[in-house]
Amino acid sequence: MGQIVILDENTSNQIAAGEVVENPASVVKELVENSIDAGSTNITVEIQKGGITFIKVIDNGCGMEEDDVLIAFERHATSKIRSSNDLEGILTLGFRGEALASIASVSVVELTTRTKDKPYGSYVRVKGGTVEEVREAGCPVGTTFVVRDLFFNTPARFKFLKKDSTEAGYISDILNRIALGNPHISFKLVNNKKTVVHTPGNKDLLSTIFSIYGRETAKECIKITYKDEMFEIEGYAGKPSIARSNRNWQSIYINGRYIKNKTITAAIDEAYKTSLMKNKFPFVVLNIKINPVLVDVNVHPTKMEVRFTNEQDVFRAVYYAINNALLNESLVKNIEIESKDNIFKYEINSKKDEYIQERIGNIKSGSQMSKPEKAESKITGCETAELKEAEINEGEPKAEEKRKSVSETIELKSAKIKETESIAKLKITEPEITETKITKHEAAEPEIIKPEIAEPEAAKHEIAESKREKNEITEPKAVKHGITETETVKNEIAGIEAAKPIKAKQKASGPLLKEEPQGVEDITLEAKEDIFTDYRIIGQVFSTYIILQKGENLVLIDQHAAHERIVFEELKEKYYKEENLAQYLLEPVVIELTSQEAEFINDKSEMLNKLGFITENFGDNSIILRSVPANSEGGSIREAFLDVLDFLMSENKKDNVYIAEEVLYKMACKGAVKANEKLGDIEIRNIIKKLSQLKNPYTCPHGRPTIIKITKYELEKMFKRIV
């Protein structure tokens, strides 16, 4: 007896469902496309538990005839084509007649429909491919599908479904794509009785973009209009300022059908080639109208891929359409100053400086006023020092000294700190690099200093020179809360000595502060001391590389790579110790997202909080970003967060530890000092000190070298001193 048999209809439908019905999002796609083909102008999708247990699609289309209700659930039953010749000119989204049969075979489906010329409609219930009930029903014109318990009879398929929130995100994404391709239709998505997507359906694509992606994206879009003898291209291209780290914000349509095509994406990349940074992808919504004869949409079970008769013509048309739009529009990024009524903005009392100036005037004139006395409590320690200075220089009639700004006060404070550091060298037996936070603007200029113990007379000479150059403190007579400046300096020196690291080692000529047991860490430290001790700072070249002299070696340090490694190791250590990484923002940032991104953030809030991103829902698919990882400040906070979000969404399937470290890489890169950024001597010393304390100071987190050493012998060979 032969072994080959013809499968029964139910089994065939379930096999077909494996190609067409992959998840709840594919069910929504097929049903919504049927609604579009029916001429609907309003389509509502309701889901519960990610669409696994409940999907409802309501439209106001033409409806179905009573005789067509049962036939619609048969395999290859369709009203779109009649013969194979029609496949060459398909303009509808559906045409195979497999969707309803496949969906009904793996779920419980209820259909209610009515045409406008009938006073009543029809109702049918199908479970697992078997029709259970057919009857007349009262309903509005149009069609309503209810799909329950997806994959209830195929547990092998059911177990591969993702979490409810993830499946809901897929549904939101596919509905957004369909809405962008049909701006004349109003789409509404309700997830667990909450509306997450609602487009206007006013035939304006920009309004649809606004309702899905938000105002910030819509205002940065450039209109595309292109037409030749073969193609008509319309849509919007985003300015470089809204580019993302993946292609999720690119939507391509052929005759209104959402597709994915490598030729078109390559043309988009080529058009933006000189406008975007590497690994950035533009926002694009592109609808290409083409003769149906020139494109084959029947090459993929879900009709997501198409084949063109001449792909070079498509590439050329898309390239010129986008390139012309970009050339005709200014790509200068607009910076908007936030209004004063921003609820997050902290406003400083503008009358403070007026009180200070008025107080100085009163001191010089010898008069006393009661009102400014009330404001005296608001004046900081630096400002108090400024008042003392005004009293000292009372006899100098310079008008400009009456209007000293706060920045001059800061310079006064910097001079005192520098004086304190110089005196501190007298009492420290080993030169220590005091830990100072790296800032982008350093008042001190780089200077060549060999870490040797300064002589007392030389230190005094430096202090005197500093006083004469700044024209500041003439005598240490100013008293602060009953303590002279000399006593204050002594107290600060004591604080510096108390804060010295215990693990620091002395030179060979000096005694050790503390004996430590020898081990692996000591061997590593000894190896590092070959570079990071007894060095002399030569300076900084190209505002990018730090140059040191260590004996007969020239050492070059990439300041960005080195600081990136430092910041990454600090963040990683805090992360694994489960310390708080969050650094709260003085002014929280409001970020607009898609419904899928908002759902993802809500689902991954615990991971984001652990990484230092604390967010709150702000309604209408918006969030408030209240904190970022510590030591990662720098650049656009919004852009940095969106880069992390794109990465997390694309790498969602990988291990959380791997994902966390990758996120810390990105934040360290954005928070590190950049190339072409001038550093002061204190900043350079701080980088070197922190770099010497790392287990691996020789490469950045991406593997690039941080340190390069050139020997004197190699230099002399270059100059032919040694042959």
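Residues numbered from 1 in each chain as written. Predicted model: local features only at pLDDT ≥ 70, side-chain atom pairs only at ≥ 80, totals over all residues. Heavy atoms only, no water.

### Brief notes about the overall build of the protein
Part 1 of the argument: Assigned secondary structure in the protein consists of 24 helices and 24 strands.
Part 2 of the argument: A total of 723 residues make up the protein; the buried ones form 43% of that total.
Part 3 of the argument: Here the contacts in the protein between residues at least 6 apart in sequence split such that 70% fall between residues at least 24 apart.
Part 4 of the argument: Here the protein has roughly 39,600 Å² of accessible surface; of this, 52% comes from carbon and sulfur atoms. (Helix = DSSP H or I, 4+ residues; strand = E, 2+ residues; numbered from the N terminus. Buried < 20%, exposed > 50% of the residue type's maximum accessible area, 1.4 Å probe, protein only. Contact = heavy atoms within 4.5 Å. Areas by Shrake-Rupley, 256 points an atom, 1.4 Å probe, with all protein chains shown as cover.)

### Some thoughts on the nonpolar core
Part 1 of the argument: One finds V32, F73, F187 and I209 to be the most contacted residues of the largest nonpolar core, which totals 57 residues.
Part 2 of the argument: Of all the elements, helix 6 (residues 164-181) adds the most residues to this core, at seven residues.
Part 3 of the argument: Discounting residues that sit within four places of it in the chain, F73 has contacts with L100, A101, A104, V109, L111, V124, V126 and F145.
Part 4 of the argument: Counting residues in each nonpolar core, the second largest holds 34 residues, with V589, L625, A640 and V663 among its members. (Core = buried A, V, L, I, M, F, W, Y, C linked by side-chain atoms within 4.5 Å.)

### Overview of the packing of helix 2 (residues 24-37) against helix 6
Part 1 of the argument: Packing of helix 2 against helix 6 brings their axes to within 8 Å, and their N-to-C directions diverge by 25°. In this view, helix 2 runs roughly parallel relative to helix 6, as classed from their interaxial angle. The handedness of the crossing between helix 2 and helix 6 is right-handed. Within the contact between the two elements, helix 2 uses P24, A25, V28, K29, V32 and I36 and helix 6 uses E167, Y170, I171, I174, L175 and I178.
Part 2 of the argument: Classifying every residue of the contact of helix 2 with helix 6 by side-chain character gives ten nonpolar, no polar and two charged. (Axes fitted to C-alpha atoms, helices over the stretch in contact; angles between N-to-C directions. Parallel < 35°, antiparallel > 145°, perpendicular 65-115°, else oblique. Left-handed = near helix turned anticlockwise from the far one by under 90°. Nonpolar A, V, L, I, M, F, W, Y, C, P; charged D, E, K, R; others polar.)

### Here we look at the sheet that holds strand 13 (residues 284-290)
Working definition: the strands of a sheet are paired by backbone hydrogen bonds and lie parallel or antiparallel to each other.
Part 1 of the argument: Strand order in this open sheet of five strands is 9-10-13-11-12, and the pairing throughout is mixed. Only two strands of the sheet have a single partner each, and these edge strands are strand 9 (221-227) and strand 12 (257-259). Each neighbouring strand pair of the sheet contributes to a mean axis angle of 20°, computed without reference to strand direction.
Part 2 of the argument: By the bridge criterion, three bridges tie strand 11 (residues 250-254) to strand 12 in an arrangement that is antiparallel. Along strand 12, the bridge assignment pairs I252 with I259.
Part 3 of the argument: Seen against the sheet, helix 6 touches strand 11, strand 12 and strand 13 and runs at an angle of roughly 55° to strand 11. (Pairing = 2+ DSSP bridges.)

### Details of the sheet that holds strand 4 (residues 121-127)
Part 1 of the argument: Spatially, eight strands are ordered 5-4-3-6-2-1-7-8 in an open sheet, and the strand pairing comes out mixed. Edge positions in the sheet fall to strand 5 (130-137) and strand 8 (194-198), since each has one partner strand and no second. Shown here is a sheet whose adjacent strand axes are inclined to one another by a mean of 15°, direction ignored.
Part 2 of the argument: Where strand 3 (residues 108-114) meets strand 4, six bridges bridge the pair, whose relative direction is antiparallel. Bridge pairing links E110 to R125 in strand 4.
Part 3 of the argument: Sitting on the sheet, helix 2 touches strand 1 (42-48), strand 2 (54-59), strand 6 (142-148) and strand 7 (186-191), and the angle it makes with strand 2 is about 15°.

### Considering the confidence of the model for the protein
Part 1 of the argument: When pLDDT is averaged across the protein, the result is 75; 67% of the residues are at 70 or more.
Part 2 of the argument: Contacts for the low-pLDDT stretch residues 349-529, under 50 throughout, to residues beyond four places or in other chains number 169 contacts. (pLDDT = per-residue confidence, 0-100.)

### Structural notes on helix 19 (residues 595-603)
Part 1 of the argument: For helix 19, every residue scored as buried is listed here: S595, Q596, E597, A598, F600 and I601.
Part 2 of the argument: Check the buried side of helix 19 and you find it contacts helix 6, strand 8, helix 20 (605-611), strand 22 (615-619), strand 23 (622-629) and helix 21 (637-650).

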